[in-house]
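# Working through the structure, step by step
Each chain, written out:
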Amino acid sequence: MKLKTSRRTFLKTSAAGMAVLAIGLNSKGVWASSPQGGTLNPFVKITSEGKVIAVIKHFEMGQGTTTGLASLIAEELNMSLDQIEYEFAPADIEKYKNLGFGAQLTGGSSSMRNSYLQYRNAGAAAREVLIQAASQQWKIPVSKITLANGLVTAQGKKAKVSELVVSALTIEVPKQPALKDSKQFSIIGKSNIRRRDSEVKTNGTAQYSIDVHLDNQIIAVIKRAPQFGGLVQSFDAGKASLVKGFIKAELLPNKKGVVVFAKNTWSALQARNAVNIQWDVSKAERRSSVDLKKELLDAVNTKAEHQVSKNSLITTNQSLQKAKQVVEATFYLPKLAHAPMEPLNCTIEPTRGGGVRLHDGCQGVTSAHHTLAAILKLPLDKVEIKTLFSGGSFGRRVSPENDYHQEAAMAFALTDRSRPVQLIWSREDDIKGDYYRPAFAHKARVGLDASGKIIGWDHRIAGQSIFKGTPFEKHLVHDGVDHASVEGVSDSLYNIPNLYVGLTDAKPATRVLWWRAVGHTHTAYVMESMMDMAAKAAGKDPVAFRLEHLSNGKDQQRLAGVIKLAASKAGWNKKAAANHAKGFACHKSFQTYVAHVVEVEKKSNGSFQLTKITSAVDCGLAVNPDMIKAQIEGGSLYGIGHVMRNEITLNKGSVVQSNFPNYKPLRISDVGTFETHIVSSKENPTGVGEPGVPPAGPAFANAIAALDKRATELPMEAVGFKFSS
Amino acid sequence: MKYKIKINGTVRTAEAEPGTPLLWVIRDELKLTGTKFGCGVAACGACTVHINGSARRSCITPIETIKDAEVTTIEGVNSKVAKVVQQTWNELNVVQCGYCQSGQILSAVSLLSKNNKPTSQEIDRAMQGNVCRCATYTRIKQAIVKAAKILKA
């Protein structure tokens, strides 16, 4: 044990008389503590008032990071979860970066995967210094001291952790704290854990960024071009000035719209309606969805632009010529909007000294930080970020362009910077101004031999690249191939000899973005539909057929594990009730394996009703099993809802859909019962926010194909399928 | 114009233009932010409040139509039914992003206050207007069924 600093020095430096023990890994890779965190990386704060706070580096969009990361700290500190508070980390890339991305960013179902050991270490380090502080004070060896439920005890002596904070701050924290034995876990892996953010979200006190009401705050809304790429030629705000509460209307410097300022939201929305804009649409998108669809379908029927597979089309064609039968299908999957419940918004508040504070459900902290600093011409240390709850995201709240942060910063710069400005999007802005899941066409030809084994597979894909032309291009685009366009096909776990994958990039139309599960959202639909069609052609059971095409590799066997678990729990081999059918699909994404059995009923009026989903998931060690189940439930239904009903279409460059009446969300009567089973595993934990999505749509479609027709074009409602509600 | 509104058991005064939806008076003027903006066209239910005990969409309810009616928001709902509903919501880990849940809870409380033994179809009918993009519907249904059981006991 070494004394790092004298108690006297510490007390002098401790602000406002409140000591805070903050534990984290400093820049030299050493665990260390300091008052208020200082230049360290605090994941655990203990105030002298007795609060234990877990600092959460990933924003909360519903996926459960506040509960998940706080669980790791509470576990190592031997506390119950309700004894621990949490707060979101400030902007600080060095301290709070996602270890997988190198930036403060939530995405790719990576929060638990990259934080698991980091947060457990932070909690364990806090435990050790508190025990050492007690040891020093009581002159009792560390081995005889225990810490549990916020109390340090030994030989009849007792202290609250808050009483030990000041002495603990003088102790150099261990470089390699001892982690708890998993047999001692009381939170990790337990099913009875309640979400840490449940109470505030059921009593109306949870603060989302749209709830920010600062003194003197004004509202900004933007009137944007009806077609992508349209620019303001001129505008007239004369009628807007008649709206009570209207402040002013200004041209955005990028000419993409006119920003309307008002004293409150309703006035801002009314005034915006009254602004008249002449648009320059000479460079705007003019195509319609029918044209764009034809471009994609033509592309999968001609030579692909990029050969993605090692295997060439020549060898695949040779294998298909030898096949006993070839199963062929062409698919079209439309553009989709994210449509999180909370419309996009953020608030920029001026701070003393000419800086700003962003209040936002901030998914991409680093990129928002740089965006604001660049537009407002401020050094990074003058831009603070306060992260609040986010009312969903599904990927929308971070984009390479940081569009809504850009807009908010431009709007703020159009004021005298003396008042907080809250930018709000309406639902129409959201549906019409999204960065969409790109539309994709696929064409697959699968060759089967006489025994029903796959011997060749020709798979063409066409769609708009998500990553080309963005800062992510250098990491995710190789030899012209955007991995997000082909993931789930080119790296399929099935044993497919002579797999040819060809990709053609579509000419950009609208802005595109990752959408919950990214490329897997279209590739899994096609792969798992084709596997079903191939199984049928081979005269085999779809589950058995999948298992026959998985080798003994560890990765393949983890997928086989969820296949078997879902099939057995769902009673796959039992015949479905009259007019019911079960559909199967499985997929690995974001290092997590999921299989679904989806049961559907065909009603006498010809409509379909989802009745039951049985899922199996292997996400390594299950940290919070009930939260894992909730993500699989929500993700699966998100996937199925879009397969049923949703598409974004363009009419001469304008988005046709505008709000929930015509971008129809899944509703309560659409769902049936749900069971999720988790594979028991000691592998490192992986994420669950996205992996439930990809196999759900095809499992649903496979059930419907067993009752009726196969949907190769989505959404199903657009091609004649009817649903009960 | 100044409006007097009976809200959450007290009378509050708010400045608003006629035609302003109750939603924006509640959020922007009274600073009760538990009631949410989701669509503005009564298609998602995030803005649900109780008007004289029944679930209503505040985003399409003009302020001048409220008059003497009692408005209750998530912050003020405190009946026995409401407490049980909040309890079962917490016990079953219903919430995810949570943004729609004030509206979901107020619709569920409205249903269970009138019908303490709802069938699955009755639950669907009462909750059909409340969208949850996280799709927590399975748990919402379970929480309503559980609350009904507790209330009957």
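In this report, the structure presented in the accompanying data block is examined. (Residues numbered from 1 in each chain as written. Chains lettered and ligands numbered in written order. Predicted model: local features only at pLDDT ≥ 70, side-chain atom pairs only at ≥ 80, totals over all residues. Heavy atoms only, no water.)

### Some points on the overall build of chain A
A tally of regular secondary structure across chain A gives 19 helices and 30 strands. With the C-alpha coordinates of chain A rotated into their principal frame, the extents come out at 85 × 70 × 50 Å. Evaluated residue by residue, chain A yields a buried proportion of 62% over its 725 residues. If you sum the accessible surface of chain A, you get close to 27300 Å²; carbon and sulfur atoms cover 50% of it. (Helix = DSSP H or I, 4+ residues; strand = E, 2+ residues; numbered from the N terminus. Buried < 20%, exposed > 50% of the residue type's maximum accessible area, 1.4 Å probe, protein only. Areas by Shrake-Rupley, 256 points an atom, 1.4 Å probe, with all protein chains shown as cover.)

### Observations concerning the overall build of chain B
Helix and strand content of chain B: 5 helices and 5 strands. For chain B, the N- to C-terminal ordering of α and β elements is β-β-α-β-β-β-α-α-α-α. Here chain B has a C-alpha radius of gyration of 15 Å; the compact-globule value for 153 residues is 15 Å, and the two agree. By principal-axis analysis of the C-alpha atoms, chain B measures approximately 45 × 30 × 25 Å. Residue burial in chain B is summarised as follows: out of 153 residues, 63% are buried. Taking as baseline every contact in chain B between residues at least 6 positions apart, the subset at least 24 positions apart corresponds to 57%. Just so you have it, chain B exposes about 5600 Å², and 52% of that area is on carbon and sulfur atoms. Charged side chains of chain B number 21 positive and 11 negative; the gap between the two group centres comes to 10 Å. (Rg over C-alpha atoms; globule rule 2.2 N^0.38 Å. Contact = heavy atoms within 4.5 Å. Lys, Arg positive; Asp, Glu negative; His and termini not counted. Charge placed at Lys NZ, Arg CZ, Asp CG, Glu CD.)

### Some thoughts on the packing of aromatic side chains
We describe a pair of aromatic rings using the distance from one ring centre to the other and the angle between the two ring planes. Residue and element names in this part refer to chain A. In this structure the tally under the stated criterion is 18 aromatic pairs over all chains. A ring pair is formed by F228 and Y436, whose centres lie 6.2 Å apart and whose planes are at 85°; its orientation type is edge-to-face. Here F228 is found in the loop between β9 (218-224) and β10 (231-236), whereas its partner Y436 is found in the loop between α12 (427-432) and β20 (440-448), with 208 residues between them in sequence. Exposure class is identical for F228 and Y436. Each is buried. (Phe/Tyr/Trp six-rings, centres within 6.5 Å; stacked < 30°, edge-to-face > 60°.)

### Focus on the pairing of strand β26 (residues 592-602) of chain A
All names here are of chain A. Within β26, 9 of the 11 residues are buried, leaving the element largely enclosed by the surrounding structure. Of the strand pairs in this sheet, strand β25 (residues 580-589) and β26 are connected by 10 bridges, and their pairing is antiparallel. What sits directly across from K588, in β26, is Y593. What sits between β25 and β26 in their antiparallel hairpin is a turn of 2 residues, with F590 showing a positive phi close to 50°. As defined by bridge partners, β26 adjoins strand β27 (residues 608-618) across 10 bridges and the pair is classed as antiparallel. Its bridge partner being in β27, V600 is matched across the sheet by L610. (Pairing = 2+ DSSP bridges.)

### Topic: the interface of chain B and chain A
On the chain A side, the residues contacting the 51 residues of chain B number 63 residues. Summing both sides of the interface, chain B and chain A together bury roughly 4600 Å²; the carbon and sulfur share of this comes to 55%. Among the salt bridges present, the one from R139 of chain B reaches E633 of chain A, with a minimum N-O distance of 2.8 Å. Run the count over chain B and chain A and you get 31 residue pairs in polar contact (both at pLDDT 80 or more). Counting only elements with at least two residues in the side of chain B that touches chain A, the list comes to α1 (22-29), α2 (80-91), α3 (101-114), α4 (120-127) and α5 (137-152) of chain B. Looking at the side of chain B that touches chain A residue by residue, the class counts come to 23 nonpolar, 16 polar and 12 charged. (Buried area = accessible area lost by both parts, 1.4 Å probe. Salt bridge = Lys/Arg side-chain N within 4 Å of Asp/Glu carboxyl O. Polar contact = N/O pair within 3.5 Å; in protein donor to acceptor, adjacent residues only side chain to side chain. Nonpolar A, V, L, I, M, F, W, Y, C, P; charged D, E, K, R; others polar.)

### Describing helix α10 (residues 365-375) of chain A
All names here are of chain A. Of all the positions in α10, only V365, T366, A368, H369, T371, L372 and A373 are classed as buried. Tucked into the core, α10 has its buried residues touching α3 (93-96), β16 (345-350), β17 (356-360), β18 (383-387) and α11 (403-413). K377 sits one or two positions beyond α10 and adopts a positive phi of about 50°.

### Notes on unusual backbone geometry
Residues and elements named next belong to chain A. Here the residue pair L714 and P715 is connected by a cis peptide bond, since its omega of 0° sits within 30 degrees of zero. Mapped onto the elements, P715 comes out in the segment after α19 (693-707). The phi dihedral of F394 falls on the positive side, at around 60°, and the residue is not glycine. Exposure remark for F394: the relative accessible area of 8% places this residue in the buried category.

### Quick word on the sheet that holds strand β5 (residues 70-72) of chain B
All names here are of chain B. An order of β2-β1-β5-β3-β4 is seen for the 5 strands of this open sheet, with the pairing classed as mixed. Since the sheet does not close on itself, it has two edges, and those belong to β2 (10-15) and β4 (54-57), each with one partner. Each strand of the sheet is rotated relative to its neighbour by a mean of 45°, with strand direction disregarded. Across 2 bridges, strand β3 (residues 48-51) lies against β5 in antiparallel orientation. When the bridges of β5 are listed, I51 appears paired with V71. Along the sheet face, α3 touches β3, β4 and β5 and points at about 35° away from the line of β3. (Axes fitted to C-alpha atoms, helices over the stretch in contact; angles between N-to-C directions.)

### Examining the sheet that holds β9 of chain A
Residues and elements named next belong to chain A. Spatially, the 7 strands line up as an open sheet ordered β11-β12-β9-β19-β16-β17-β18, and their pairing is mixed. Two strands lie at the open edges of the sheet, namely β11 (246-251) and β18, each paired on one side alone. Strand-to-strand twist in this sheet, taken as the mean axis angle between neighbours without regard to direction, amounts to 20°. Relative to strand β19 (residues 421-424), β9 runs parallel, the two sharing 3 bridges. Each bridged residue has a counterpart across the sheet, and for A220 the counterpart in β19 is L423. Together, β16, β17 and β18 form the strand contacts of α10, whose direction differs from that of β18 by roughly 140°.

### Thoughts on the nonpolar core
Counting residues in each nonpolar core, the largest one holds 219 residues, and the members touching the most others are W457, M530, F584, F700 and M716 of chain A together with W89 of chain B. Top element by residues in this core is helix α4 (residues 111-138) of chain A. It accounts for 11 residues. The contacts of M716 of chain A, once residues within four sequence positions are left out, are Y525, V643, M644, F700, A701, I704, A711, F721 and F723 of chain A. Ranked by size, the runner-up nonpolar core spans 30 residues in total, among them I222, L252, Y404 and W425 of chain A. (Core = buried A, V, L, I, M, F, W, Y, C linked by side-chain atoms within 4.5 Å.)

### A few points about the state of the cysteines
Scanning all chains against the criterion turns up 0 disulfides over all chains. A disulfide-free cysteine, C39 of chain B has its sulfur positioned 3.9 Å from the sulfur of C44 of chain B, the nearest such atom. (Disulfide = S-S within 2.5 Å.)

### Concerning the side chain of R57 of chain B
In this structure, R57 of chain B sits in strand β4. The contact partners of R57 of chain B, leaving out residues within four places of it in the chain, are A42, G45, C47, T48, S107, G129 and N130 of chain B.

### Comments concerning the pattern of salt bridges
All names here are of chain A. Applying the stated rule across the entire model yields 48 salt bridges over all chains. A salt bridge links R195 to D197; the shortest N-O distance between them is 2.8 Å. Looking at R195, the relative accessible area reads 4%, which means it is buried. The salt bridge partner of D708 is K602, with a shortest N-O separation of 2.9 Å. Within this pair, whereas D708 is found in the segment after α19, its partner K602 is found in strand β26, the two being separated by 106 residues in sequence.

### Section: the packing of α10 of chain A against α11 of chain A
Each pair of packed helices can be described by the angle between their axes along with the distance between the axes. Residue and element names in this part refer to chain A. At a closest axis distance of 9 Å, the pairing of α10 and α11 adopts a crossing angle of 30°. By the criterion of interaxial angle, the relationship of α10 to α11 is roughly parallel. Read as a crossing pair, α10 and α11 show a hand that is right-handed. Between α10, through A368, T371, L372 and I375, and α11, the contact on the second element is made entirely by H405, Q406, A409 and M410. Across the contact of α10 with α11, the residue classes break down as 5 nonpolar, 3 polar and no charged. (Parallel < 35°, antiparallel > 145°, perpendicular 65-115°, else oblique. Left-handed = near helix turned anticlockwise from the far one by under 90°.)

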